[in-house]
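# Reading the structure
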Amino acid sequence: DVKVTQSSRYLVKRTGEKVFLECVQDMDHENMFWYRQDPGLGLRLIYFSYDVKMKEKGDIPEGYSVSREKKERFSLILESASTNQTSMYLCASRPGTSINQPQHFGDGTRLSIL
Amino acid sequence: GDSVTQMEGPVTLSEEAFLTINCTYTATGYPSLFWYVQYPGEGLQLLLKATKADDKGSNKGFEATYRKETTSFHLEKGSVQVSDSAVYFCALSGGAGGTSYGKLTFGQGTILTVHP
């Protein structure tokens, strides 16, 4: 079974802090994704990566950056956290072979910015 | 761009009732379609998928048929259980502008609650 592990289930940070969310997958997948989930809005793509050191913006990249130094790890960075970034963050990975391959999700990190 | 619209929730049913959650999409090209489920406190799990027109995906008693003529992928189950209580998301990948990266476009999610 594919395992996608997010480092924290719950996180509380203060406005202006730099926040790191970590995600690790164990299936050698090429593609990795960061989404945020908000009630009534579904999941929205923040950034994704299709290879080590390669990244592309998703639909809502403002206020975020990402890092992928190793194939198994994909980090989401909130450069200066703000209260409107309070949300559930979900990481996902998938193999890069076909669009028909589903994404596999971690359990999520519920982030609160005070 | 691509978009997915799900029926408004929440949906509340009694055990053994019939379930339908409507999903329609907008995409050019030939997207793949997915239903994901999120149980309380967990991430999303793939429930079923369909990759071309008239395909039927099925899993755990749930079914959905890819209808290109109506751009729909409605989720159905003949007899729901309390354990089916969860949030259900319809999603697509690979519409116009899609790449092999498999980016997903999600609907807003439908909360299902099943009472004994």
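Okay, so let's go over this structure. Everything numeric in this text was worked out from a predicted model, so none of it was measured.

### So, the overall build of chain A
Within chain A one finds zero helices and eleven strands. Listing every helix and strand of chain A by position from the N terminus yields β-β-β-β-β-β-β-β-β-β-β. Here chain A has a C-alpha radius of gyration of 13 Å; the compact-globule value for 114 residues is 13 Å, and the two agree. In terms of overall dimensions, chain A has C-alpha extents of about 40 × 30 × 25 Å along its principal axes. Approximately 5,500 Å² of chain A is accessible, and the part contributed by carbon and sulfur atoms is 48%. Each charge class in chain A can be summarised by its mean position, and for the 16 positive and 15 negative side chains these summaries are 5 Å apart.

### Quick look at the nonpolar core
All names here are of chain B. Core analysis: the largest hydrophobic core is formed by 26 residues, its most contacted members being Leu19, Trp35, Leu47, Leu48, Phe73, Leu75 and Tyr88. When contributions to this core are tallied by element, the ones reaching two or more residues are β2 (11-14), β3 (19-21), β4 (23-26), β5 (32-38), β6 (44-50), β8 (62-65), β10 (86-93) and β12 (110-115). The element contributing the most residues to this core is β10, with four residues. Not counting the four nearest positions on each side in its chain, Leu19 is found in contact with Val11, Leu13, Phe62, Leu75, Glu76, Lys77, Val80 and Leu112.

### So, the interface of chain A and chain B
Each side of the interface is counted separately: chain A has 23 residues, and chain B has 24 residues. In total, about 1,900 Å² of surface goes out of reach between chain A and chain B, with carbon and sulfur atoms giving 57% of it. Across the contact surface, chain A and chain B share zero salt bridges. Connecting chain A to chain B are four residue pairs in polar contact (both at pLDDT 80 or more). Residue assignment for the side of chain A that touches chain B shows that the elements contributing at least two residues are β4 (31-38), β5 (42-51) and β9 (87-94) of chain A. Take the side of chain A that touches chain B: its biggest share by element is five residues, from β5 of chain A.

### What about the sheet that holds strand β7 (residues 56-59) of chain B?
Residues and elements named next belong to chain B. Strand order across the open sheet formed by four strands is β3-β9-β8-β7, with antiparallel pairing between neighbours. Because the sheet does not close on itself, it has two edges, and the strands there are β3 and β7. Pairs of neighbouring strands in the sheet enclose a mean axial angle of 15°, with direction left out of account.

### A look at the pattern of salt bridges
This structure, assessed with the given rule, holds ten salt bridges over all chains. Ionic pairing is found between Arg36 of chain A and Asp38 of chain A, a salt bridge with its closest N-O pair at 2.8 Å. Of the two residues, Arg36 of chain A and Asp38 of chain A, both sit in the buried class. Between Asp55 of chain B and Lys52 of chain B there is a salt bridge, with its nearest N and O atoms 3.3 Å apart. Assessed through its relative accessible area of 52%, Lys52 of chain B is described here as exposed. A single salt-bridge network, built from bridges that share partners, covers Asp28, Glu30 and Lys71 of chain A.

Calculation rules
- Residues numbered from 1 in each chain as written.
- Chains lettered and ligands numbered in written order.
- Predicted model: local features only at pLDDT ≥ 70, side-chain atom pairs only at ≥ 80, totals over all residues.
- Heavy atoms only, no water.
- Helix = DSSP H or I, 4+ residues; strand = E, 2+ residues; numbered from the N terminus.
- Rg over C-alpha atoms; globule rule 2.2 N^0.38 Å.
- Areas by Shrake-Rupley, 256 points an atom, 1.4 Å probe, with all protein chains shown as cover.
- Lys, Arg positive; Asp, Glu negative; His and termini not counted.
- Charge placed at Lys NZ, Arg CZ, Asp CG, Glu CD.
- Core = buried A, V, L, I, M, F, W, Y, C linked by side-chain atoms within 4.5 Å.
- Buried < 20%, exposed > 50% of the residue type's maximum accessible area, 1.4 Å probe, protein only.
- Contact = heavy atoms within 4.5 Å.
- Buried area = accessible area lost by both parts, 1.4 Å probe.
- Salt bridge = Lys/Arg side-chain N within 4 Å of Asp/Glu carboxyl O.
- Polar contact = N/O pair within 3.5 Å; in protein donor to acceptor, adjacent residues only side chain to side chain.
- Pairing = 2+ DSSP bridges.
- Axes fitted to C-alpha atoms, helices over the stretch in contact; angles between N-to-C directions.

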